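Topology and contacts: notes
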Amino acid sequence: MFSPKPPLRSVGTDPDYRFTLANERTFLAWLRTGLALLAGAVALASLVHDFGPRPFRIAITILLLVLSLIVTAGSYLRWDRTERALREQRPLPTDPMPRIIVAGVAIIIVAAAVLVFLAEFGR
């Protein structure tokens, strides 16, 4: 179904090291974002037991975990596609990751606002 990609070092030529390092820094920034989402999920699941309705907290926790997994796995795919494009001197590929993270975080913000409202006024 999927043909394996050739090893990265065998594709194209070595790009300017500054571009490779910039791509690596971007990859690490996406990883930090994934870890921050994971930390939020763990905190919500284990530290705030009486904050709003339990099913709602679980739903937000699951959303945070799923978004963390998407961002973490997607960061590697993004890094690989970008590195291959740099090595082959092609235009950089478009990436859905910014839209995914913005949509996910916006949903989490709205859900957290509802959770705060329910915790304060739903008593």
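This text follows the structure it describes.
Residues numbered from 1 in each chain as written. Predicted model: local features only at pLDDT ≥ 70, side-chain atom pairs only at ≥ 80, totals over all residues. Heavy atoms only, no water.

1. Overview of the overall build of the chain
Condition: The helix count covers DSSP runs of H or I at least four residues long, the strand count covers runs of E at least two residues long, and both are numbered beginning at the N terminus. Any two residues having at least one pair of non-hydrogen atoms within 4.5 Å are treated as being in contact. Surface exposure here means Shrake-Rupley accessible area, sampled with a 1.4 Å probe, where a residue is shielded only by the protein chains that are shown. Lys and Arg are tallied as positive, Asp and Glu as negative. Neither His nor the chain termini are counted. In this description, the location of a charge corresponds to atom NZ of lysine, CZ of arginine, CG of aspartate or CD of glutamate.
Summing up its helical and strand segments, the chain has 3 helices and 0 strands in all. Secondary structure elements in the chain, listed N-terminal to C-terminal, are α-α-α. Along the longest, intermediate and shortest principal axes, the C-alpha atoms of the chain span 65 × 35 × 20 Å. For the chain, contacts bridging at least 24 residues in sequence account for 77% of all contacts bridging at least 6. Total accessible area on the chain is roughly 8,400 Å²; 71% of this is exposed by carbon and sulfur atoms. Charged side chains in the chain number 14 positive and 9 negative. The centres of these two groups are separated by 3 Å.

2. Considering the packing of helix α2 (residues 54-87) against helix α3 (residues 97-121)
Worth spelling out the cut-off: In this analysis, axes come from line fits to C-alpha atoms, helices being fitted only over the stretch in contact, and the angle between any two N-to-C directions falls in the range 0 to 180 degrees. Every angle not falling under 35 degrees, over 145, or within 65 to 115 is termed oblique; those three ranges are roughly parallel, roughly antiparallel and roughly perpendicular. Each crossing gets its handedness from the near helix: less than a right angle anticlockwise from the far helix is left-handed, clockwise is right-handed.
Contact geometry of α2 with α3 gives a least axis separation of 10 Å together with a crossing angle of 165°. Here α2 lies roughly antiparallel to α3, going by the angle between them. The crossing of α2 and α3 is left-handed. Residue-level contacts link F56, R57, I60, L63, L64, L67, I70, V71, G74 and S75 of α2 to M97, I100, I101, G104, V105, I107, I108, A111, A112, V114 and L115 of α3.

3. Regarding unusual backbone geometry
Test applied: Buried means the residue's accessible area, taken with a 1.4 Å probe over protein chains only, is under 20% of the maximum for its type, while exposed means over 50%, and partly exposed covers the values in between.
Look at Q89: it is not a glycine, yet its phi comes out positive at around 55°. For Q89, the position within the fold is in the loop between α2 and α3. Taking relative accessible area as the criterion, Q89 reaches 68% and is therefore assigned exposed.

4. A word on the nonpolar core
The tendency in soluble globular proteins is for nonpolar side chains to be buried side by side. What counts here: Among buried residues, those of type Ala, Val, Leu, Ile, Met, Phe, Trp, Tyr and Cys that are joined through side-chain atoms within 4.5 Å constitute a nonpolar core.
Ranked by size, the top nonpolar core spans 13 residues in total, and within it L37, I60, L64, V71 and I101 carry the most contacts. For this core, the elements supplying multiple residues, two or more each, are α1 (17-46), α2 and α3. Counting residues per element, this core draws most heavily on α3, which supplies 5 residues.

5. Focus on the packing of aromatic side chains
Defined as follows: Working definition: rings of Phe, Tyr and Trp (its six-membered ring) pair if their centres are within 6.5 Å, and the pair is stacked with planes under 30 degrees apart, edge-to-face with planes over 60 apart, and tilted otherwise.
Here the structure, examined in full by the defined rule, presents 3 aromatic pairs. Taken together, a centroid distance of 6.3 Å and an interplanar angle of 50° make the contact between F27 and W79 tilted. With F27 in helix α1 and W79 in helix α2, this pair connects stretches of sequence that are 52 residues apart. Note on Y76 and W79: the rings are 5.7 Å apart at their centroids and 35° apart in plane angle, and the pair reads as tilted.

6. A look at the pattern of salt bridges
Inclusion rule: Here a salt bridge means any side-chain nitrogen of Lys or Arg lying within 4 Å of a carboxyl oxygen belonging to Asp or Glu.
Under the criterion given, the structure shown has 7 salt bridges. Among the ionic contacts, a cluster of salt bridges with common partners joins K5, D80 and R84.

7. Some details on the packing of α1 against α3
Where we set the bar: Ten residues, namely Ala, Val, Leu, Ile, Met, Phe, Trp, Tyr, Cys and Pro, are considered nonpolar, four, namely Asp, Glu, Lys and Arg, are considered charged, and the remaining ones, Gly among them, are considered polar.
α3 packs onto α1 with a crossing angle of 20° between their chain directions and a minimal axis gap of 13 Å. As summarised for this structure, α1 and α3 are arranged roughly parallel, according to the angle between their axes. α3 is crossed by α1, and the crossing has left-handed handedness. From α1, W30, T33, L37 and L44 reach across to α3, where they touch M97, P98, I101 and L115. Taken together, the residues of the contact of α1 with α3 sort by class into 7 nonpolar, 1 polar and no charged.

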